[in-house]
Amino acid sequence: MSHHEPKEKHDHKILKFPEGFLWGSATSAYQVEGNNTNSDWEDFKSAGAACDQYNLYESDFDLIKQLNHNAHRLSIEWSRIEPREGEFDTSEINHYIKLLKYLKSLNIKVMLTLWHFSLPKWLAQKGGFENGKSPYYFERFVKRIAPELFEYVDFWITLNEPEVYVYEAYIKKEWPPAKISFWGKIKVYLNLTSAHKKVYKFLHSNYPHKPVGIANNIQSFEPYHKHSLIEQLAVIFYDVGANHLFYLLTKGTHDFLGINYYFHVRFKDGKSILPHIAEVSEKSRDASDLGWEIYPEGLYDVLADISDHMPIYITECGIASTNDDRRNRFLITYLHEVYRAIQSGVNVKGFFYWSLIDNFEWHRGFDPRFGLVEVDYTNQERHIRPSALVYTDIIQHNGIPHSLLRFIGHTVQASEVLEKRLKEELKEIK
Ligand code: BGC
């Protein structure tokens, strides 16, 4: 054997993901577009110009391509398309046609969310999803828009995180309409289930080859003490209520499960009759800038828990951090758990990092930085973060190269080393 045989470019071992795995990132219209003056958020806490993606979508989508993503999740803004009840704005519809056409021209698989929290003002004035006719309004909107857009869509997401919406808008009062009403929130929840079912039926029967689902916030619940019955009961109660109930009420109307994973909750018995939620400090864990615990193992748990042989797409998973080393470790460790889940038989078919670019984080404004790409809000410039290149490295290998696994469990300053290597590799792609 000759000693001069060319060495393979990537001769190290790789934790391979299934062929055809979708690698992408996610955004939502109100959080990135800017100037959504007909949305209920405008009078509550306006995103103003946000990231101006309404105008800058071409260069943002070019970034997606440059970073080697093969899929993208985004939403359309109902309040733009139907600014007044029953009146549809064709120029806005044409805008979305142009935008989605552009994304498809880059050969990107498109996952389109039809409702991501923001409501047209006219509907908000009628009580939003508390209104008994809201499922019908939503269906009317989808029936108008879907025939225009379906050509450019590969997956439909009807609703984003119904439980989170009910919790933030009707329990925590942090989102509009910021209203506490016991029956109100139940009505909203039930109307969301029926909105989903109606729209599922329409989309599924008219576009049978385009899978339909929801993006659901799925949390990892655990007892602090394994022997504590009360903690175990709390786990069952919350797991069923927050993770499974919507699926149970809408059984048979999901072609896949869309999972947004952010939270790990440990119930701790002690101070009062009911167990409380343990603080991150009690768990001695690293946290994001929002104080959300970094707990990759929970992603494995929820995937195993929710799996019923349906295809699963992780429709959101991400970290708010101005420390990009944290995001590097986040990506590597969370994707490692996705790999483990796939190895143990869970049918995960795609991963969408939240988010492509920094954006308007609802009531928290612009401080949290979730982006693979940094946004300078003073001039709308985009700056690719090193972690975006780590993600690209993984995408290009369709798996996690062993060289990245050494970053698991370490708080090393990974960025500089990785940035240098990956920038070189990226040059080759361009
Ligand atoms: C939502 C996004 C949000 C992200 C981070 C998800 O619950 O779908 O709109 O920005 O979490 O908080």
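Position numbers for residues start from 1 in each chain and track the written sequence from start to end. Local features in this predicted model are restricted to residues of pLDDT 70 or higher, and side-chain atom pairs are both shown and tallied only at a pLDDT of 80 or more, whereas totals for entire chains, interfaces and linings draw on every residue. Hydrogen atoms and water are omitted, and side-chain values are computed over all heavy atoms in the structure.

**A look at the site of the ligand**
Note the following rule: If even one non-hydrogen atom of a residue comes within 4 Å of a molecule or strand, that residue is called near it. Pairs of N or O atoms within 3.5 Å make up the polar contacts considered here, provided that, within protein, one atom can donate a hydrogen while the other can accept it, and that residues adjacent in sequence are counted only when both atoms are side-chain atoms. For the area figures, the Shrake-Rupley method with a 1.4 Å probe applies, and any residue is considered shielded solely by the protein chains shown. A cavity here means a set of points on a 1 Å grid, drawn over the protein atoms and nothing else, where a 1.4 Å probe fits but cannot get out; a pocket is an open set with protein on both sides within 12 Å along at least five of seven lines, and a residue lines either one if it has an atom within 4 Å of a point. For this analysis, a molecule is said to be in a pocket or cavity if more than half of its atoms are within 2 Å of the grid points defining it. For this classification, Asp, Glu, Lys and Arg are treated as charged, while Ala, Val, Leu, Ile, Met, Phe, Trp, Tyr, Cys and Pro are nonpolar and the rest, including Gly, are polar.
Neighbouring the ligand are Gln31, His116, Phe117, Asn160, Glu161, Tyr262, Trp292, Glu316, Trp354, Glu361, Trp362 and Phe370. Note that an oxygen atom of the ligand is positioned 2.8 Å from one of the side-chain N or O atoms of glutamate 316. For the ligand, the accessible surface in isolation is 310 Å², of which the surrounding protein chains cover 94%. When each cavity is represented as a set of grid points, the ligand is found to reside in the largest pocket. Its residues assigned to classes, the shell around the ligand comprises six nonpolar, three polar and three charged.

**Here's the deal with the layout of surface pockets**
Here the idea is plain: a probe the size of a water molecule rolls over the atoms and shows the empty space left. The condition is simple: Grid points are joined across faces, edges and corners, and a volume is the space filled by probe spheres set on the points. Secondary structure elements are defined from DSSP: runs of H or I of at least 4 residues count as helices, runs of E of at least 2 residues count as strands, and each element is numbered from the N terminus.
Its boundaries defined by the atoms lining it, the largest pocket holds a volume of some 1500 Å³. Taken together, 46 residues make up the lining of the largest pocket; nearest its centre are Glu163, Val164, Tyr167, Asn217 and Gln219. For the lining of the largest pocket, the elements supplying multiple residues, two or more each, are helix 7 (162–170), helix 8 (182–206), helix 9 (229–249) and strand 9 (264–268). Of the residues in the lining of the largest pocket, the class split is 25 nonpolar, nine polar and twelve charged.

**Here's the deal with the environment of histidine 204**
Our working rule: Throughout this description, buried means an accessible area under 20% of the type-specific maximum (1.4 Å probe, protein chains only), exposed means over 50%, and partly exposed covers the range between.
On the secondary structure map, histidine 204 appears in helix 8. Looking at histidine 204, the relative accessible area reads 31%, which means it is partly exposed. C-alpha separation for the pair histidine 204 and glutamate 293, spaced 89 residues apart in sequence, amounts to 37 Å.

**Focus on a nonpolar patch on the surface**
What counts is decided by this rule: Like charges are joined within 9 Å and nonpolar side chains (Val, Leu, Ile, Met, Phe, Trp, Tyr) within 5 Å, but only among residues with over 30% relative accessible area and no salt bridge; these make up the patches. Salt bridge criterion: a side-chain nitrogen from Lys or Arg within 4 Å of a carboxyl oxygen from Asp or Glu.
On the surface, Phe182, Trp183, Ile186, Leu190, Leu229, Leu233, Ile236, Val240, Leu245, Leu248 and Leu249 cluster together into a nonpolar patch covering about 1100 Å² of accessible area. When you line up the elements, isoleucine 186 lands in helix 8. Residue classification places isoleucine 186 among the partly exposed residues on the basis of a relative accessible area of 32%.

**Some details on the packing of helix 11 (residues 324–343) against helix 12 (residues 386–397)**
Think of two packed helices as two axes; the pair is described by the angle between the axes and how far apart they sit. We apply this condition: Between N-to-C directions, angles span 0 to 180 degrees; the directions come from axes that are lines fitted to C-alpha atoms, helices contributing only their stretch in contact. Here roughly perpendicular refers to angles of 65 to 115 degrees, roughly parallel to angles under 35, roughly antiparallel to angles over 145, and oblique to all remaining angles. Crossing handedness is read from the near helix: turned anticlockwise from the far helix by less than a right angle, it gives a left-handed crossing, and turned clockwise, a right-handed one. Any two residues whose heavy atoms approach within 4.5 Å are treated as being in contact.
As a packed pair, helix 11 and helix 12 sit with axes 8 Å apart at the nearest point and diverge in direction by 20 degrees. As the angle between them shows, helix 11 and helix 12 are arranged roughly parallel. Handedness of the helix 11/helix 12 crossing: right-handed. Taken together, the residues of helix 12 that come into contact with helix 11 (itself represented by Asp324, Arg327, Asn328, Leu331, Ile332 and Leu335) are Pro386, Ser387, Val390, Tyr391 and Ile394. Each residue belonging to the contact of helix 11 with helix 12 can be placed in one class, and the counts come to seven nonpolar, two polar and two charged.

**Notes on the sheet that holds strand 9**
As a reminder of what qualifies: Two strands qualify as a pair provided that DSSP identifies no fewer than 2 bridges between them.
With mixed pairing, the three strands of this open sheet are ordered in space as 7-9-10. The open sheet terminates on both sides in strands that have one partner only, identified here as strand 7 (220–223) and strand 10 (276–277). Across two bridges, the pairing between strand 9 and strand 10 is antiparallel. Bridging from a neighbouring strand, lysine 268 pairs with histidine 276 of strand 10. Running over the sheet, helix 9 touches strand 7 and strand 9 and is turned about 170 degrees from strand 7.

**Overview of the pairing of strand 6 (residues 212–217)**
Counting buried positions over the six residues of strand 6 gives six, a clear majority of the element. Neither face of strand 6 is left uncovered, since the one carrying Val212, Ile214 and Asn216 and the one carrying Gly213, Ala215 and Asn217 both have all their residues buried. Relative to strand 6, strand 5 (residues 155–160) runs parallel, the two sharing three bridges. In the strand pairing of strand 6, tryptophan 156 is matched with valine 212. Bridging between strand 6 and strand 8 (residues 257–260) involves three bridges; their strand directions are parallel. Within the sheet, the bridge partner assigned to asparagine 216 lies in strand 8 and is isoleucine 259.

**What to know about the sheet that holds strand 11 (residues 312–317)**
The parallel closed barrel is built from eight strands, whose spatial order is 2-3-4-5-6-8-11-12. Taking the axes of each pair of neighbouring strands and ignoring which way they run, one obtains an average angle of 25 degrees across the sheet.

**Focus: the nonpolar core**
Where we set the bar: Residue types Ala, Val, Leu, Ile, Met, Phe, Trp, Tyr and Cys, when buried and joined through side-chain atoms within 4.5 Å, form a set referred to as a nonpolar core.
Counting 112 residues, the largest nonpolar core has Trp78, Leu112, Trp115, Phe138, Tyr165, Leu203 and Val338 as its most contacted members. The biggest single contributor to this core is helix 11, with nine residues. In this structure, leucine 203 is in contact with Leu114, Val142, Ala146, Trp156, Thr158, Pro208 and Val212, ignoring residues within four places of it in sequence. In this structure, Leu22, Ala26, Trp292 and Trp354 belong to the second largest nonpolar core, which totals 15 residues.

**What to know about the environment of asparagine 94**
Residue placement: asparagine 94 occurs in helix 4 (residues 90–105). Note: C-alpha distance between asparagine 94 and tyrosine 353 (259 residues apart in sequence) is 28 Å.

**Here we look at empty space enclosed by the protein**
The final tally for this structure, using the stated rule, is three cavities of 30 Å³ or more. Quantified by volume, the largest cavity comes out at close to 80 Å³. If you go around the largest cavity, the residues you meet are Thr27, Ser28, Ala29, Val32, Glu33, Gln53, Tyr54, Phe61, Leu74, Ser75, Tyr96 and Leu99. Elements with a minimum of two residues in the lining of the largest cavity: helix 1 (29–32), helix 2 (53–66), strand 3 (71–75) and helix 4. Here the lining of the largest cavity takes three residues from helix 2, the largest share from any one element. Class assignment of the residues belonging to the lining of the largest cavity gives a composition of seven nonpolar, four polar and one charged. The volume enclosed by the second largest cavity comes to roughly 70 Å³. As for the second largest cavity, its lining consists of Tyr261, Tyr262, Ser288, Trp292, Glu293, Ile294, Gly318, Ile319, Ala320, Phe330 and Tyr334. The class makeup of the residues in the lining of the second largest cavity is eight nonpolar, two polar and one charged.

Limitation: the analysis is restricted to geometry and does not speak to function.
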